Amino acid sequence: YYMALIDLHQGEFASAESRLAALGFMRRWSIIGPFSTPDGFETEPGVERGFSAAAVTDASGTTRHWRTLPPPGPQVWTDLSDFLSQDASGVVYAATSVYSESRQSVALRFTAESAIGAFVNGREVFADRNNSRVGFDQHAVGVSLQPGWNSIVLKLTRNGQGTWRFGVRITG
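Here the structure is a predicted model, which means the values were calculated and not measured.

**Looking at the packing of aromatic side chains**
Right, on to step 1. Taken as a whole and assessed by the stated rule, the structure comprises 9 aromatic pairs.
Right, on to step 2. Here Y1 and F136 contribute two aromatic rings whose centre-to-centre distance is 4.4 Å and whose plane-to-plane angle is 25 degrees, an arrangement assigned as stacked. With Y1 in the segment before α1 (2-9) and F136 in the loop between β9 (123-128) and β10 (139-145), this residue pair connects regions lying 135 residues apart in the sequence.
Right, on to step 3. Taking relative accessible area as the criterion, Y1 reaches 21% and is therefore assigned partly exposed.
Right, on to step 4. Given the relative accessible area of 31%, F136 is considered partly exposed.

Following this line, the structure appears as structure tokens:
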């Protein structure tokens, strides 16, 4: 991790990206939202069940569509404030998939500058309703991957302005 940061600061972008990939960082994400959250983190429009390319209509009747984010390049974290208004608040879902050759247990390691819920194949595996600062391997939880494609969905809740970063990696 620190070597990737050094590479980044020295302008060695390809090396930084390679180091982050070797650490198991998930680099491809789709997002949907923000959804209004009058009752905070507990709002559940059903996106947690797993990624589906279908649009989602919230309680107010507003339809939202998934957007695929460009890869973050040599950056460690994905910053949603690069894609959403700086004033955006509410719930945003970030989704990706990981392929597993067989059933296996892995560590899902992640961080976020917001309240966060993590769902693997539609099952909640972690929830922290407190806002915090982003940090390497801030949270870790053991999860089981099934053979084939597995969905990972993050529920990120924010009230306020500023950066809205998160990062996820998988280790054996």
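Having put the structure on the table, let's press on.
**So, the packing of α1 against helix α2 (residues 13-22)**
The relative placement of two packed helices comes down to the angle between their axes together with the axis-to-axis distance.
Right, on to step 1. Running from amino to carboxyl end, α1 crosses α2 at an angle of 160 degrees, the nearest separation of the two axes being 7 Å. Between α1 and α2, the angle is such that the two are roughly antiparallel. In this structure, α1 meets α2 at a crossing whose hand is left-handed. Of the residues in α2, those in contact with M3, A4, D7 and L8 of α1 are F13, S15, A16, R19 and L20.
Right, on to step 2. Across the contact of α1 with α2, the residue classes break down as 6 nonpolar, 1 polar and 2 charged.

**Considering the sheet that holds β9**
Right, on to step 1. Taken in spatial order, the 6 strands of this open sheet run β4-β1-β6-β11-β8-β9, and their pairing is antiparallel. Where the open sheet ends on each side, the last strands, each with one partner, are β4 (67-68) and β9.
Right, on to step 2. Bridging between strand β6 (residues 90-100) and strand β11 (residues 148-158) involves 11 bridges; their strand directions are antiparallel. Each bridged residue has a counterpart across the sheet, and for S100 the counterpart in β11 is G148.

**Notes on the sheet that holds strand β5 (residues 78-79)**
Right, on to step 1. The strand order β5-β12-β7-β10 describes an open sheet built from 4 strands, whose pairing is antiparallel. Since the sheet does not close on itself, it has two edges, and those belong to β5 and β10, each with one partner.
Right, on to step 2. Relative to β10, strand β7 (residues 104-112) is paired through 7 bridges, and the arrangement is antiparallel. By the bridge assignment, L108 is partnered in β10 with V141.

**As for the pairing of strand β1 (residues 30-35)**
Right, on to step 1. Within β1, 6 of the 6 residues are buried, which leaves the element mostly enclosed by the surrounding structure.
Right, on to step 2. Note that β1 and β4 share 2 bridges and pair antiparallel. Residue S30 lies in a different strand from β4, and its bridge partner there is T68.
Right, on to step 3. Where β1 and β6 come together, 4 bridges link them in antiparallel fashion. Across the sheet, F35 pairs through a bridge with V91, a residue of β6.

**Focus on α1**
Right, on to step 1. Within the sequence span of α1, burial applies to A4, D7 and L8. An end-on view of α1 places all buried positions within 100 degrees of arc, on one side of the element. Facing away from the buried side of α1, by more than 90 degrees, are the exposed residues Y2 and H9.
Right, on to step 2. Packed against the buried residues of α1 are α2.
Right, on to step 3. The positive-phi residue at the C-terminal boundary of α1 is G11, with phi of around 80 degrees.

About the cut-offs
Residues numbered from 1 in each chain as written. Predicted model: local features only at pLDDT ≥ 70, side-chain atom pairs only at ≥ 80, totals over all residues. Heavy atoms only, no water. Phe/Tyr/Trp six-rings, centres within 6.5 Å; stacked < 30°, edge-to-face > 60°. Helix = DSSP H or I, 4+ residues; strand = E, 2+ residues; numbered from the N terminus. Buried < 20%, exposed > 50% of the residue type's maximum accessible area, 1.4 Å probe, protein only. Axes fitted to C-alpha atoms, helices over the stretch in contact; angles between N-to-C directions. Parallel < 35°, antiparallel > 145°, perpendicular 65-115°, else oblique. Left-handed = near helix turned anticlockwise from the far one by under 90°. Contact = heavy atoms within 4.5 Å. Nonpolar A, V, L, I, M, F, W, Y, C, P; charged D, E, K, R; others polar. Pairing = 2+ DSSP bridges. Arc of directions from axis to C-beta.

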